[in-house]
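Chain residues, written in single-letter form:
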Amino acid sequence: MNVLVWFKRDLRITDHPALTLGAGLGSVLPFYLIEPDYWALPDISARQWAFTADALESLRLELRGLGAPLVIRTGEAVATLDRICRQHRITTIVSHEETGNLWTYARDQRVAAWARGQGIDWREVPQSGVQRRLASRDGWARQRDDFMAAPALPAPVLRPVDGLEPTPVPSAKALKLNEDPCPHRQIGGRGQATALLESFLIKRGEPYRSAMSSPLSGERACSRLSPHIALGTLSLREVVQATATRQAERPGGRWSGSLTSFQSRLAWRDHFIQKLEDEPSIEIRALHRIADTLRPRDPDPLRLAAWSNGETGLPFLDACMRYLNATGWLNFRMRSMVMAVASYHFWLDWRATGAVLARRFTDYEPGIHWPQVQMQSGVTGINTPRIYNPIKQGLDQDPTGAFTRRWVPELATVPDAYLQTPWRWEGAKTLLGRRYPEPIVDAMAAQRAARDAIFGLRKQSSREDIATILRRHASRADPRFVNDRSPKPRRPDPTNQLSLDL
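To keep things clear, this report deals only with the structure shown in the data block. (Residues numbered from 1 in each chain as written. Predicted model: local features only at pLDDT ≥ 70, side-chain atom pairs only at ≥ 80, totals over all residues. Heavy atoms only, no water.)

What follows concerns the overall build of the protein. Scanning the protein from N- to C-terminus turns up 21 helices and five strands. A globule of 502 residues ought to have a C-alpha radius of gyration of about 23 Å, and the protein, at 24 Å, matches this closely. With 502 residues in all, the protein has 60% of them scored as buried. Considering only contacts within the protein whose residues lie at least 6 apart along the sequence, 78% involve residues at least 24 apart. Carbon and sulfur atoms make up 52% of the accessible area of the protein, which amounts to about 20800 Å² in all. (Helix = DSSP H or I, 4+ residues; strand = E, 2+ residues; numbered from the N terminus. Rg over C-alpha atoms; globule rule 2.2 N^0.38 Å. Buried < 20%, exposed > 50% of the residue type's maximum accessible area, 1.4 Å probe, protein only. Contact = heavy atoms within 4.5 Å. Areas by Shrake-Rupley, 256 points an atom, 1.4 Å probe, with all protein chains shown as cover.)

Our next topic: the packing of helix H15 (residues 332-344) against helix H18 (residues 390-397). Angle between the axes and distance between the axes are the two parameters that describe a pair of packed helices. Orientation of H15 relative to H18, taken along the N-to-C sense of each, is 165°, at an axis distance of 11 Å. In terms of axis orientation, H15 runs roughly antiparallel to H18. Handedness of the crossing formed by H15 with H18: left-handed. Residues Arg333, Met334, Met337 and Val341 of H15 form the contact with H18, whose participating residues are Pro390, Gln393 and Gln397. Within the contact of H15 with H18, the residues separate by chemical class into four nonpolar, two polar and one charged. (Axes fitted to C-alpha atoms, helices over the stretch in contact; angles between N-to-C directions. Parallel < 35°, antiparallel > 145°, perpendicular 65-115°, else oblique. Left-handed = near helix turned anticlockwise from the far one by under 90°. Nonpolar A, V, L, I, M, F, W, Y, C, P; charged D, E, K, R; others polar.)

With that settled, consider the pattern of salt bridges. Taken as a whole, this structure holds 27 salt bridges when the rule is applied. Put simply, Asp15 and Arg237 hold a salt bridge, and the shortest N to O gap is 2.7 Å. Residue Asp15 is found in the loop between strand S1 (2-7) and helix H1 (17-25), and its partner Arg237 is found in helix H11 (residues 236-248); the two are separated by 222 residues along the sequence. Across the pair, exposure class does not vary: Asp15 and Arg237 are buried alike. For Asp396, the salt bridge is made with Lys392, and the minimal N-O distance between the two is 2.6 Å. Remark: Lys392 and Asp396 occur in helix H18; sequence separation between them is four residues, near one turn of the helix. Exposure remark for Lys392: the relative accessible area of 46% places this residue in the partly exposed category. Connected through salt bridges with shared partners, the residues Lys8, Glu35, Glu98, Arg107 and Asp108 form a single ionic network. (Salt bridge = Lys/Arg side-chain N within 4 Å of Asp/Glu carboxyl O.)

Where H15 contacts helix H16 (residues 350-360), the two axes come as close as 10 Å, and the packing angle between them is 150°. Comparing the axis directions of H15 and H16 gives the class roughly antiparallel. Handedness of the H15/H16 crossing: right-handed. Contacts between H15 and H16 involve Val338, Met339, Ala342 and Ser343 from the first element and Trp350, Thr353, Gly354 and Leu357 from the second.

Adjacent strands of a sheet pair through backbone hydrogen bonds, lying either parallel or antiparallel. Judged by pairing direction, the sheet is parallel, and its five strands sit side by side in the order S3-S2-S1-S4-S5 without closing on themselves. What marks the edges here is a single partner per strand, and that holds for strand S3 (71-74) and strand S5 (121-125). Strand-to-strand, the axes of this sheet are offset by a mean angle of 30°, without reference to chain direction. Examined bridge by bridge, strand S2 (residues 27-34) and S3 share four bridges and lie parallel to one another. Residue pairing for S3: Phe31 is matched across the bridge by Val71. The strands touched by helix H4 (residues 77-87) within the sheet are S1, S2, S3 and strand S4 (90-96), with S2 carrying the most contacts at an inclination of about 155°. Of the strands in this sheet, S1, S4 and S5 touch helix H5 (residues 102-118), which is tilted by about 140° from S5. (Pairing = 2+ DSSP bridges.)

Once that is clear, we can look at the nonpolar core. Formed by 114 residues in total, the largest nonpolar core has its most connected members in Phe7, Tyr32, Trp49, Trp307, Met337 and Val338. For this core, the element with the highest residue contribution is H15, accounting for nine residues. Leaving out residues up to four positions away in the same chain, Met337 has contacts with Phe316, Leu317, Cys320, Tyr388, Pro390 and Gln393. By size, the runner-up hydrophobic cluster in this structure holds 20 residues, among which are Trp6, Leu33, Val78 and Cys85. (Core = buried A, V, L, I, M, F, W, Y, C linked by side-chain atoms within 4.5 Å.)

Right, here's the structure in full:
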C-alpha cells in the first residue's frame, strides 16, 4: 500500500501520530501542500510563511534522515492531491485533524468529498486534546489529560514510495506574497524549538509567573514556544511531558508556581481550540448573537490605520503595536490590551482588528485567536468585560518608560512624568501633531462610553441564551457551571484574563 502523509500544522517527525500510522500501513509519501489562496487570506501573512519555510527546511532534513524526501507542491488541494495520488498510486491519505480557519475547514470538506468519490481512504487522527464531533464538554478535561499522559511517539521507521524526489522550499517572493517586513521575527524549525524548551525549563522560566505580564520581562521569561506549537515543530504533548519532568525534579525558588502556571496555560490552549472546533463560525459571528451589531461592521479607516501602525497618540499602546509589527510576538497581557483598546476605546469591529492581529502574529493559532478576540471585545456573553486603561497599563507595565521610549522614539524629549500622557506636558505643542500624533480619542471618555454600551447590551441578554453558550463552550471548572448546568451570572469566568501566547 502506498500512503500519502499530509503534513499540515505538524512539521516534525517525533510524536507524530499521523506519520506513525502511515508508516505502519505501507510505503510513505511525505507531502506538504502550499495553497496560494490560503496565503492570500486576510488573516495570513508573509512573516508566517517565513517561519513556515524555516520549519519545512528543518522537516526536510529530518525526513532525509529517515530516508524519505519531503514532496512539496503548490496548487489547489483537490486538483493537486488528485494528480499526485494518481501518479504514485496512493490509496490512503493520513493526516492530523486540523482546527484551522473557515477557509481550511471548507477545503477539508472538499478534500473529503473528493476522497470518497475516488475511493481513497482519508484517515484523520488527533494530535492534541482537541476532539472532533464532541458531544459534550462533560469529561473533556480528563480525556485531554489522558492523551497528554500517553507516551510520546518516537520517530517511525519509513519505507518511502518509489520514485520520490525532494522539493525545494519556495521563497515568499516566488509565491508572490505581499511584503511583510518583520526584522526581529523568531526563527522556525525543530532545533530552535527544542533549544527554547530547554532554556525555558532550565533557566529562563523561573520568573515566568510574575514576569509574563510586562513586555519588558515577558520577552525573555515567556517560553516563546507559541509559534513552534502552532506550527507543530514540537507537539503539545512533548511540551507538557517535558514540563512535568521538570516539575518532578522539584526545583526551588519560584519554579513551582511558574511551572504550574505554564502547565495551566498549555491546558487552556486546548480548551480554547476546542471552542473553534465545536463552532467554526466563531471567526465571523459573535458567540452572543445580539452582540453582532454592537459596533459598525465597517470600521473607521483612520482609527483602524492609526491603531494598526502604532500612531494613536497613546504612547504605551503605540509602543506595543510597533513592537508586534517588528517582532511578530507580544506578551499575554499586552495582546489583551491592544485588542481591548481597539474594541472599546476606538469602537472598531472585532473582525477587522482580529484579522490585523492574526497576520501580525507569527504564532497565529485560529482556535486561540478568535475566541480571545471575542472575549476581549465583550461579545461572548459569558465573560466579564475587561476594559484596559492604556495609560495605566503603561505606568504599571513599563514603570521606567524604557519600552515606550525604545519603540516610540518621537517622545525622547518628553519628561518621564508625562511619558504616558504627553498632552499634559507644557511642551506638548512642540510635539503633538508634528512629530507624534495627538490622541485620536479621549481615553477616559471613550472608556466610559464603551462601558455604558457593553453593559447595556448585557442587560438585554436572556438567562437562556447565556446558559446555552455555557453548556457548549464553558470549562466545567467554571464556577458558574453547576450541577443543573445553569449560570450564576455574578461569578466571573476565570479564563477572562488569559491570552495564550505562552
